[in-house]
Amino acid sequence: MAHVHVILNQKGGVGKSTLTVNLAAVTADVLGRAPGEEPPVVAVSIDPQGSAVWWSERVGDGLPFDFVQAHDDPAGLASLHRIPSARHVFVDTPGWLDLSGRARPGDCPLGSGPAAEALRAVLDHADDVIVPIEPEPLGFEPTQRTVERVVKPRGLPFRVVVNNWDPRDGRADLEQTQAFVLAQGWPIARTVVRHYKLHTRASADGLVVTQYGGNRVALQAREDFFRLALEVGLGAAVPAPAAPVDAARVGPQGGRPGRRRKAAGRAGVA
């Protein structure tokens, strides 16, 4: 059965699609497959805005994993772990959850409607959750609501990943963000995904991280995702509770052809 990883944060613009696509790419690259075999990795989007769809279409036949847009298929989303041949499934989620506090006690904080149904279907069958946070205080409150009101009540293992840190900005914002996460007692990934223009341009250029060039910057950009995949993807281990860690020490590190499929293309997502 496939291991289902959900990339989730109430806040938009924290890099959920980038993490989904590139974690799927490096995991598929490491696992490999024999000629004629189905890809062992599937990326699924339940974001109706479809940014990951556009990205996958730009990559075209060079996509090293299967891709499914399934925001309107709650029944199929409940069966992601049963996709034949898949070992890992990475799910991109929308960034406009209604967690504003208007829900009454006992109400689901995800609200109602098709988007909420899709999110519930995914979370009810997830194996773990990856929660990206950018190094800026503006993202602290939405991340806290996501973890405390959606993830933890379901008992799901999770890790918070500091994403899109630009070393040129210095370490103050990074360390403040790490300190915030650790103060909540949340598990935090040791990998920090750094900001590179390569990542910003990748969707328009029709590339995933494993297809970047061979120069120094491209290798560094690729390294972050391989390290993160080892933590949250390939290891497929249940995250341990957050241990006391010196936030200043939790810092950054020093393509194969495939195909894309629509929702009806794989069993379990019809």
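Residues numbered from 1 in each chain as written. Predicted model: local features only at pLDDT ≥ 70, side-chain atom pairs only at ≥ 80, totals over all residues. Heavy atoms only, no water.

Engineer: An account of the sheet that holds strand β5 (residues 128–133) is needed here, citing residue identities and associated values.
Structural biologist: Spatial ordering of the open sheet is given by β3-β2-β4-β1-β5-β6-β7, a layout of 7 strands whose pairing is parallel. Looking at which strands have only one partner, the edges of the open sheet turn out to be β3 (66–69) and β7 (193–194). Alignment of strand β1 (residues 3–7) against strand β4 (residues 88–92), held across 5 bridges, turns out to be parallel. Residue pairing for β4: His 5 is matched across the bridge by Phe 90. Docked against the sheet, helix α5 (residues 140–151) engages β5 and β6 (158–165), running at close to 170 degrees with respect to β5. (Pairing = 2+ DSSP bridges. Helix = DSSP H or I, 4+ residues; strand = E, 2+ residues; numbered from the N terminus. Contact = heavy atoms within 4.5 Å. Axes fitted to C-alpha atoms, helices over the stretch in contact; angles between N-to-C directions.)

Engineer: Residues and numbers for the pairing of β6, please.
Structural biologist: With 7 of its 8 residues buried, β6 lies for the most part within the structure. Where β5 meets β6, 5 bridges bridge the pair, whose relative direction is parallel. From the neighbouring strand, Val 131 faces β6, where its bridge partner is Val 160. For the handedness criterion, the β-α-β arrangement of β5, α5 and β6 is classed as right-handed. (Buried < 20%, exposed > 50% of the residue type's maximum accessible area, 1.4 Å probe, protein only. Right-handed = clockwise from strand over helix to strand, strands pointing away.)

Engineer: Account for the pattern of salt bridges, naming residues and giving values.
Structural biologist: Per the counting criterion, the structure on display carries 10 salt bridges. A salt bridge links Arg 171 to Glu 175; its shortest N-O distance comes to 2.9 Å. For Arg 227, the salt bridge is made with Glu 223, and the minimal N-O distance between the two is 2.9 Å. Within this pair, Arg 227 and its partner Glu 223 are both found in helix α8 (residues 216–232), separated by 4 residues, close to a single helical turn. (Salt bridge = Lys/Arg side-chain N within 4 Å of Asp/Glu carboxyl O.)

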